[in-house]
Amino acid sequence: MIRRLLINGLLAVLAIIILPPILGPFIHNDHSPRSAIREDILKDGHPYQSFFAIITKKDFIDPELGQLYDVYWFDHDNPTGMTPTLCYAPKTKSKKHEVSCGTGP
């Protein structure tokens, strides 16, 4: 009984480690702004961070770029680690979201 529980637990941990990079392209698409931001993080080579990023909507709406989002995620390439980013994800004429991100002042 304990052996079966241990094996099932290890299989669950293995699935949590293996599945995010495989499922990322299918889950993160550009049909919503948050999903488009996650897809942009994934395309930068951060498959796990694309799932664990915290994306919050700000009150500011730019007339040209649309809704502003705060994105917090861990960038292992950045020496400071935590990477707060400001992102816009306006919808283009082709009905897809185009992400533009940068750091705030």
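The paragraphs below set out a description of the structure included in this document. A quick note: this is a predicted structure, and the numbers were derived from the prediction, not measured.

Turning our attention to the environment of A15. Tracing the backbone shows A15 in helix α1 (residues 2-27). In the structure, A15 is positioned eleven residues away from F26 in sequence and 16 Å away in space, judged by C-alpha atoms.

Turning to helix α2 (residues 33-43), a few remarks are in order. Looking at α2, one finds that the buried residues are S35, A36, I37, R38, E39, I41 and L42. Positioned one or two residues after α2, G45 has a phi angle of 95°, which is positive.

Next up on the list: the pairing of strand β1 (residues 54-62). In this sheet, strand β2 (residues 66-74) lies alongside β1 in antiparallel orientation, the contact comprising six bridges. Looking at the pairing, D62 lines up with G66 of β2. Hairpin connection, β1 to β2: the antiparallel pair is bridged by three residues.

This paragraph deals with the nonpolar core. Formed by I37, I41, A53, I55, Y69, V71, W73, C87 and A89, the largest nonpolar core amounts to nine residues. Elements with a minimum of two residues in this core: α2 and β2. If you tally residues by element for this core, the top one is β2, at three residues. With near-sequence residues (within four places) excluded, A89 lies in contact with P33, I37, Q67, H97, E98 and V99.

With respect to the helices, strands and loops of the structure, H97 is situated in the loop between β3 (82-88) and β4 (100-102). For H97, a relative accessible area of 14% gives the class buried. Engagement of the side chain of H97 in a polar contact is seen with the backbone oxygen of A89, the distance being 2.9 Å. With sequence-adjacent residues up to four places away left out, H97 is seen in contact with D30, H31, S32, P33, A36, A89, P90 and K91.

Conventions adopted
Residues numbered from 1 in each chain as written. Predicted model: local features only at pLDDT ≥ 70, side-chain atom pairs only at ≥ 80, totals over all residues. Heavy atoms only, no water. Helix = DSSP H or I, 4+ residues; strand = E, 2+ residues; numbered from the N terminus. Buried < 20%, exposed > 50% of the residue type's maximum accessible area, 1.4 Å probe, protein only. Pairing = 2+ DSSP bridges. Core = buried A, V, L, I, M, F, W, Y, C linked by side-chain atoms within 4.5 Å. Contact = heavy atoms within 4.5 Å. Polar contact = N/O pair within 3.5 Å; in protein donor to acceptor, adjacent residues only side chain to side chain.

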